[in-house]
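# Topology and contacts: notes
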Amino acid sequence: RHTRYWRDWSSDVCSSDLEQEDKASATQHVIDDEWEHYQHILNFWKPLPEIPSLDNFIQAQEKKPFQSILMPPLEPVWMDEQSKCVNLLSTSIKSKWPYNFLPAYFARKKAKELFPTVWPEKEAEIQKLYSDSFADYQQRLQKEQDEWDAKETERIAWLQRLTSGDMQEITHTLNEIFTGMYLPFKSQSQCRVFFDTPDLTSMNLDLPIMEEIIFPVRKKLLKNGEIREVARGKEERNRDYFDLVTGECAFMAAEIFSYLPLCQAVRIAAHTQRPKTMETDPIDNYVLDIKFTRDELKNFNPEITPMLSFLVHSGARFNQTPDYKLERIDPPSWLKHEDVQNAKAD
C-alpha cells in the first residue's frame with residue numbers, strides 16, 4: 001500500500017515538472033521570437049537593393065521573348081479512339097438480350113460488325129471536339145501574347161524615357177518608388193523629395209522616433225518561470241537606433257539608384273522629433289546630412305564595412321556623442337529648394 005502511494009505521488013510530481021518545463025519552453029519561445037522580430041526590424045535594409053549600371057538598363061530595353069505555360073490539346077490517337085469505340089459498343093451490346101446471357105465474345109464480335117457503321121459519326125464528333133479545343137487554345141494564346149507585347153512595349157518605353165533623362169518620368173517613377181516602399185515601422189516615414197536634375201535627387205526625411213522602435217529592455221526567463229525585464233544601456237540602444245536610421249537612409253538611396261539609371265547621387269537630410277526644452281526649440285531636429293554616390297553605395301557591403309566607417313569616409317555630416325547618440329545638427333543649406341513635391345514611404 002505504501003508503495004502504491006509513493007508511485008502516485010511520484011507520478012504527480014513528474015507530471016507537474018513536465019508541465020512547468022513545457023510552460024517555460026513556450027515562454028522562452030515567445031521571448032526569442034519577439035527578439036528575433038526586433039532584430040529583423042533593425043536589419044531590414046540588409047542586403048541593400050541591387051544597383052544596376054546604365055549598361056544594364058540599356059540591355060534591359062531588348063524585348064524579352066514571349067513564353068507561355070499554356071499547353072495545346074493533345075491530338076487524337078485514332079487507333080486508341082477506335083479501340084474505345086469498339087469497347088463501348090461491346091459493353092452496350094452485352095447489357096442487352098440475348099447477349100447478356102452469352103459469353104462476352106459474342107458481344108464483341110457483334111460490336112466489330114457494327115463498327116464500320118458507327119465509327120464515321122464518332123470520328124467526326126472526336127475531330128470536332130479537338131478542333132474546338134485547339135481553336136480555343138489558339139485564341140487564349142494569342143490574347144496572352146498580345147498582353148505580353150503590350151507590357152513589353154510599355155516597359156521598354158519607360159526604360160527609354162528614364163535613360164534619356166525625361167524629368168517627368170523620373171518624377172513619376174520616384175513617386176511610385178515611395179508609394180510602394182515597405183518599411184517595417186509602426187508609423188510611416190514621411191519625406192519630401194527634391195527633383196533637382198536627372199543625376200541628383202535630394203530628400204528631406206522624417207526618421208522614426210527612437211522610443212517607438214528601439215527596445216528599452218531585454219526580457220529574460222527566470223528559473224521560477226517568471227519573466228524579468230532588464231534595462232538595456234544607453235549605448236546599446238543608441239547603437240541600434242544609429243544602425244537603423246542610417247540603414248534606412250542607405251536603403252532609400254539604393255532603391256532610387258535601382259530605378260533611376262542616370263542618378264549618380266542621392267543626398268538626404270534626416271530629422272527626428274524630440275521633446276521641446278524651450279518653446280522656441282524646433283520640433284524637427286536634424287541629425288543626419290548624408291550624400292550617397294551610386295558607385296560607393298553599389299560597392300558597400302555592410303557585412304564587411306561598418307556603417308559608421310562608410311559614412312565618415314563618404315563625408316556625411318552628423319554629431320555623435322561617445323555613447324553613440326545622434327545630437328542635433330544645423331539643417332543643410334541645400335534644403336532651401338523651390339521645386340518641392342511630397343512623397344510618402346509606407
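Everything here concerns the structure above.
What this report covers is the structure whose coordinates are included nearby. (Residues numbered from 1 in each chain as written. Predicted model: local features only at pLDDT ≥ 70, side-chain atom pairs only at ≥ 80, totals over all residues. Heavy atoms only, no water.)

### Some thoughts on the overall build of the protein
Along its length, the protein carries 9 helices and 9 strands. Residues counted as buried form 34% of the 346 residues belonging to the protein. Look at the contacts in the protein between residues 6 or more apart in sequence, and 71% of them connect residues 24 or more apart. Summing over all exposed atoms, the protein offers an accessible surface of approximately 22300 Å²; the carbon and sulfur share of this is 52%. (Helix = DSSP H or I, 4+ residues; strand = E, 2+ residues; numbered from the N terminus. Buried < 20%, exposed > 50% of the residue type's maximum accessible area, 1.4 Å probe, protein only. Contact = heavy atoms within 4.5 Å. Areas by Shrake-Rupley, 256 points an atom, 1.4 Å probe, with all protein chains shown as cover.)

### Structural notes on the packing of aromatic side chains
In the structure shown here, the tally under the stated rule is 13 aromatic pairs. Between F66 and W148, the aromatic rings sit 6.5 Å apart at their centres with planes inclined by 55°, giving tilted as the arrangement. Separated by 82 residues along the polypeptide, F66 in the loop between α2 (54–59) and α3 (78–94) and W148 in helix α4 (residues 104–163) bring together distant segments of the chain. The class for F66 is partly exposed, based on a relative accessible area of 23%. Here W148 falls in the partly exposed class, since its relative accessible area comes to 27%. One aromatic cluster is present, built from ring pairs that chain together W35, Y38 and F215. Across from the ring centre of W35, 3.6 Å away, lies the NZ or CZ of R218, which sits over that ring. The positively charged end of R239 is found above the aromatic ring belonging to Y324, 3.8 Å away from the centroid. (Phe/Tyr/Trp six-rings, centres within 6.5 Å; stacked < 30°, edge-to-face > 60°. Lys NZ or Arg CZ within 6 Å of the ring centre and 35° of its normal.)

### Structural notes on the nonpolar core
Among the nonpolar cores identified, the biggest contains 53 residues, and L288, F292 and L297 are the most heavily contacted of them. It is helix α7 (residues 234–259) that contributes the most residues to this core, 12 residues altogether. Residues within four places of L297 in sequence aside, it is in contact with L48, I51, A250, A253, A254, F257, F292 and F310. The next biggest cluster of nonpolar side chains, apart from the first, holds 9 residues, and it includes L89, I93, F115 and W119. (Core = buried A, V, L, I, M, F, W, Y, C linked by side-chain atoms within 4.5 Å.)

### Regarding helix α5 (residues 167–180)
Spanning 14 residues, α5 covers 20 Å between terminal C-alpha atoms, matching the ideal 20 Å at 1.5 Å per step. Within α5, the full set of buried residues consists of E169, I170, T171, T173, L174, I177 and F178. Residue D166 occupies the N-cap position of α5, its side-chain oxygen lying 3.0 Å from the main-chain nitrogen of Q168. (Expected span 1.5 Å × (residues − 1). Polar contact = N/O pair within 3.5 Å; in protein donor to acceptor, adjacent residues only side chain to side chain.)

### As for the pairing of strand β3 (residues 217–221)
Sheet topology places β3 next to strand β4 (residues 227–231); 5 bridges connect them, and they run antiparallel. Note on β4: the bridge partner recorded for K220 is R228. Taking the residues that link successive antiparallel strands as the turn, the β3-β4 hairpin has 5 residues, and the phi of G225 there is positive, at about 90°. (Pairing = 2+ DSSP bridges.)

### With respect to the pattern of salt bridges
Enumeration over the complete set of coordinates arrives at 13 salt bridges. Ionic pairing is found between K84 and E81, a salt bridge with its closest N-O pair at 3.9 Å. Of this pair, K84 and E81 both sit in helix α3, 3 residues apart, which is roughly one turn of that helix. (Salt bridge = Lys/Arg side-chain N within 4 Å of Asp/Glu carboxyl O.)

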